[in-house]
Structures are given as structure tokens and as C-alpha cells.
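# Reading the structure
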Amino acid sequence: MTQQQTLGVAVIGTGRMGADHVRRIDRTISGARVAAVVDVDPERVKGLADRIEGCTAYTDPAAALADPAVGAVVIASPGPVHEAQLLLAFERDLPVLCEKPLTPDPASALRVMEAEQRLGHRRVQVGFMRRYDAEFLRLRSLLAEGALGRTLMLHCTHRNVSSAPGFTSRMTINDSVVHEIDTARWLLDEEITAVTVVRPRPSGGAPEGLSDPQLVLLETSGGALVDVEIFVNCGFGYQVRCEAVCESGAARVGDGHSMVTSAAGRWGAEIAQDFVVRFADAYDRQMQRWVDATRRGEVEGPSVWDGYAAAAACEAGVRAQESGERTAVELVERPDFYR
Ligand code: ISE
């Protein structure tokens, strides 16, 4: 692939996130075009393809990946079908940007890791978009410079206005806290070694049967502690904050991305209502970086190892939720392929 060629991308899954990625590739970023869209819903996918020149609608991912116009794949379908779709992309040796979670459990993530190693080269970037958010990038640089000394703790807040119908307590770990798990691993450059989950009385705003909010405590291989307030029905806005407490200072991100207005004796800022808005810049940067790297014939960003390590920590998190006990994370040794 040369720099001059426009990358033809197939987007698999055209729900909220997939449709947003289609719009982003079509309208916002450069160097790529949407060559194919895939969804189980034939009408939805046709409606989307009809609005994009040179884009073909498919209901079968294998047929889309066989389209000669397709040179790379964005997987934005539900997590449980990622493994099969990743293996299809490997069969054709296509570069992939795969939305989180890589797969819903560590056993399937390990199978993907083995399959990618059999290919002999990395093909997958996992969509942990916070790694592309300007504020989180600044925090990482600050911590890496070491001017504040070692990082001792991270205090994280992760709030959604409301959870989608059918959202379960285990999804609060697998779909939501998975972001803090990856962020902590990336900010600290350490693995998560144990997870504990405690809960206050449930909010009256939480659907029946959903534990909400919860407090998740992550321990890391370097001895840092990470506490995460996960509250997926807070009702008032989408808030993601992270404060690093270091030996000689502290730094916090997540407050500073909206306009502040003063009027009628009041002063205040807006709060984004969802992740598509709050992390719009990060999603754009993530996609542009993926397209640029792919056109250079390279793979960068969060790897299948990162997806696996997050899945392993999530599995421990779900067990900790169910048992109420501190639960150790079980990880295989990191292959040299991913170092
Ligand atoms: C959703 O799947 C996401 O990835 C969002 O970033 C997260 O805030 C939300 O809780 C998840 O359901």
C-alpha cells in the first residue's frame, strides 16, 4: 500500500458507534473512504450505503471483506461477534480497527492473539479511544516525564446519563470500567493484578437489578491503586475524570472540555451527554492515526495484548462483583511479539 492510495474501509456494525465511524471516515478524516458497510439489518445498511458514493451494503461480513474495494476493516459490531470477524479479517490479512472490548472474555482474546501471531505480523488496533484524547495524552506525558515523582494513586470517575435497556451489572465492568482498566495500564505502564468491587445502596434511578453506582478498586503490578466510581445512571451528564496523585503533586483531567458561560448572575459549564460528543476529538484522532499508519503499512496503538489484558482484568472484576472478594487477575506471559 502506498501513501497515495485512498484506503477503502469496510465498517462492520452500523449501530451508534459504527454509524458515527462511517460519518467520520466519509466526512471528517482524510486518506480513506467507506467502501462497504455491513449490518444484520438490511434496511439500515442499505440506507447508509445509499448516501455514500461507491459504498456497497452487505449483511454478510465475509462477502464485504471479499470486496476488492476493501483494504481495511473497522469492527463496531457487538463484542460477542468480534472474534469471528477478526478471524475473517486475518484470513484476508486485512488491517483492523476493532472497537472495545476486543472480545468479551480472555479465552477468546487469547485465541485472537494466537491467530494474529500465526499471521506473523500485527494487524489489529483496539479502539481504546481515550489514548487519543488530548487531556489524557497530556496527563500521560506529565506522568512519564516524572517531574511529579512516581504515581501512587488514580482517582477515576466514570458517569453516564443512563444505561441502555438490558445493560447488566457485569456490563458495567466489561463495557464501561474496561476503559479505566486500559487507561490505568497505559498511564502507568503496569498491569492490573487484582480487582475488588464494593457497592453503596443502589440509586433509585438505576433500573431494577442493576447495581449502580459501584466502586471498583484496581491494584497494579507496580503497587499503585486505582479507584473507579462507575455510575451509569447518574442522570445529569457524561463525565470521565481522572486524577493522578503522585509523590510531589497531583494532576486531574476531565473537567476542561466545555464552554463556560456567565449570565444572569450565574457562572457555569455544560456537561456532554454522551461519549460520542465528549470523546469526538479522540475518536477522530484515533481514526486518522489508524488510517495514516495503515497507509504506511504499519500498525500502532493499543494491541491485541492490550485487549487481552483488559479482558483478563474485566473477568476478575466480574468475579469480584459476584463474590464480594478481592480477586487476582490471571494473565499469561506477554509474548515477545507484543513487546
Ligand atoms: C460504552 O460502551 C462506552 O464505551 C462508553 O465510553 C462508556 O462510557 C459506556 O459506559 C459504555 O456503555
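This write-up is about the structure you can find in this document. From a predicted model like this one, the values you see are computed outputs, not experimental measurements. (Residues numbered from 1 in each chain as written. Predicted model: local features only at pLDDT ≥ 70, side-chain atom pairs only at ≥ 80, totals over all residues. Heavy atoms only, no water.)

### Description of the overall build of the protein chain
The helix and strand inventory of the protein chain stands at ten helices and 15 strands. Here the C-alpha radius of gyration of the protein chain, 20 Å, is about what a compact globule of 339 residues would show, namely 20 Å. On the principal axes, the C-alpha backbone points of the protein chain span a range of 55 × 55 × 45 Å. A total of 339 residues make up the protein chain; the buried ones form 53% of that total. Of note, the protein chain has its 36 positive side-chain charges centred 3 Å away from the centre of its 47 negative side-chain charges. (Helix = DSSP H or I, 4+ residues; strand = E, 2+ residues; numbered from the N terminus. Rg over C-alpha atoms; globule rule 2.2 N^0.38 Å. Buried < 20%, exposed > 50% of the residue type's maximum accessible area, 1.4 Å probe, protein only. Lys, Arg positive; Asp, Glu negative; His and termini not counted. Charge placed at Lys NZ, Arg CZ, Asp CG, Glu CD.)

### Brief notes about the side chain of Arg130
With respect to the element layout, Arg130 can be found in the loop between strand 6 (124-127) and helix 6 (134-145). Note on Arg130: relative accessible area 3%, which makes it buried. Discounting chain neighbours no more than four positions away, the residues touching Arg130 are Phe136, His158, His179, Glu180, Thr183, Trp186, Val240 and Phe279. (Contact = heavy atoms within 4.5 Å.)

### Things to note about the site of the ligand
All residues adjacent to the ligand are Lys100, Met129, His158, Asn160, Phe167, Asp175, Ser176, His179, Tyr238 and Phe275. Within the side chain of His179, an N or O atom sits 2.8 Å from an oxygen atom of the ligand. For the ligand, an oxygen atom lies 2.7 Å from a polar atom in the side chain of Tyr238. A total of 300 Å² of accessible area belongs to the ligand in isolation, and the protein chains cover 88% of it. Broken down by element, the residue count for the shell around the ligand peaks at three residues, all from helix 7 (residues 169-188). Its residues placed into classes, the shell around the ligand shows four nonpolar, four polar and two charged. (Near = heavy atom within 4 Å. Polar contact = N/O pair within 3.5 Å; in protein donor to acceptor, adjacent residues only side chain to side chain. Areas by Shrake-Rupley, 256 points an atom, 1.4 Å probe, with all protein chains shown as cover. Nonpolar A, V, L, I, M, F, W, Y, C, P; charged D, E, K, R; others polar.)

### A short note on the sheet that holds strand 1 (residues 7-12)
Read from one edge of the open sheet, six strands run 3-2-1-4-5-6, paired in parallel fashion. The sheet terminates laterally at strand 3 (56-58) and strand 6, the two strands that pair on one side only. Sheet twist, expressed as the mean angle between neighbouring strand axes with direction ignored, is 25°. Bridge count between strand 5 (residues 96-99) and strand 6: four bridges; the pairing is parallel. By the bridge assignment, Cys98 is partnered in strand 6 with Val126. (Pairing = 2+ DSSP bridges. Axes fitted to C-alpha atoms, helices over the stretch in contact; angles between N-to-C directions.)

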